[in-house]
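Overview (structure and organization)
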Amino acid sequence: MEHRVLCVEVEHCQLVALGTGDEDAGAHRRWTVAEVRRAITEGQRFFLLSSTLGSRLYLECFADELRPVGGILPHELLGLRSCRWR
């Protein structure tokens, strides 16, 4: 299954959660970084649409963090809008 990342939660310059969904409906699910890492190891895929490349950037687990595959453009992930769950 593939999940489109639409927003992020950042605390103290650390990514703590992602919001997934579709552009029309907005983010409908909150995933902690641990949940995303577990889902990726189980075969699920998470992607964001690159504003600079105009294509999908898939996320991978690397050490203790998530990053776009190949480690390119990590600012793309942190540059997403902030999630608003409340």
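Look up: the structure comes first, before these words.
Note that the structure is predicted; figures quoted are calculated from it, not measured.

1. Observations regarding the environment of Thr-41
Examined against the element boundaries, Thr-41 turns out to sit in helix H1 (residues 33-41). Between the C-alpha atoms of Thr-41 and Cys-61, which are 20 residues apart in sequence, the distance is 8.4 Å. Of the polar contacts made by the side chain of Thr-41, one reaches the backbone oxygen of Arg-38; its length is 2.7 Å.

2. Concerning the nonpolar core
Grouped together as the largest cluster of nonpolar side chains are 15 residues, with contacts concentrated most on Val-5, Leu-18, Val-36, Phe-46, Leu-59 and Leu-66. Among the elements of the structure, strand S1 (2-11), strand S2 (14-22), H1, strand S4 (45-49) and strand S5 (56-62) are those that each provide at least two residues to this core. Per element, the largest residue contribution to this core is four residues, and it comes from H1.

3. Some points on the packing of aromatic side chains
Within the structure shown, the criterion is met by two aromatic pairs. One residue, Arg-29, lies across the ring of Trp-31, its end atom 3.5 Å from the ring centre. Across from the ring centre of Phe-47, 3.9 Å away, lies the NZ or CZ of Arg-56, which sits over that ring.

4. Quick notes on H1
The set of residues buried in H1 consists of Val-33, Val-36, Ala-39 and Ile-40. When H1 is viewed along its axis, its buried side chains cluster within an angular range of 125° and face the same direction. At the exit of H1 stands Gly-43, carrying a positive phi of roughly 105°.

5. Considering the state of the cysteines
Disulfides are covalent bonds that link the sulfur atoms of two cysteine residues. Scanning the entire structure with this criterion turns up one disulfide. A sulfur-sulfur separation of 2.0 Å characterises the disulfide bridge that pairs Cys-7 with Cys-83. Between Cys-7 and Cys-83, the disulfide has an S-S torsion of 95° and is therefore right-handed. Here the residue Cys-7 occupies a position in strand S1, and Cys-83 occupies one in the segment after strand S7 (81-82), the gap between them amounting to 76 residues.

6. Brief notes about the pattern of salt bridges
On inspection of all chains with the given rule, the structure shows three salt bridges. Between Arg-45 and Glu-2 there is a salt bridge, and its shortest N-O distance comes to 3.4 Å. Of this pair, Arg-45 sits in strand S4 while Glu-2 sits in strand S1, and the two are 43 residues apart along the sequence. Judged by its relative accessible area of 40%, Arg-45 is partly exposed. On the accessibility criterion, Glu-2 (37% relative accessible area) is partly exposed. The shortest N-O distance in the salt bridge between Glu-9 and Arg-30 comes to 2.6 Å. Of the two residues, Glu-9 sits in strand S1 while Arg-30 sits in strand S3 (residues 26-32), which places them 21 residues apart along the sequence.

The rules behind these values
- Residues numbered from 1 in each chain as written.
- Predicted model: local features only at pLDDT ≥ 70, side-chain atom pairs only at ≥ 80, totals over all residues.
- Heavy atoms only, no water.
- Helix = DSSP H or I, 4+ residues; strand = E, 2+ residues; numbered from the N terminus.
- Polar contact = N/O pair within 3.5 Å; in protein donor to acceptor, adjacent residues only side chain to side chain.
- Core = buried A, V, L, I, M, F, W, Y, C linked by side-chain atoms within 4.5 Å.
- Buried < 20%, exposed > 50% of the residue type's maximum accessible area, 1.4 Å probe, protein only.
- Phe/Tyr/Trp six-rings, centres within 6.5 Å; stacked < 30°, edge-to-face > 60°.
- Lys NZ or Arg CZ within 6 Å of the ring centre and 35° of its normal.
- Arc of directions from axis to C-beta.
- Disulfide = S-S within 2.5 Å.
- Salt bridge = Lys/Arg side-chain N within 4 Å of Asp/Glu carboxyl O.

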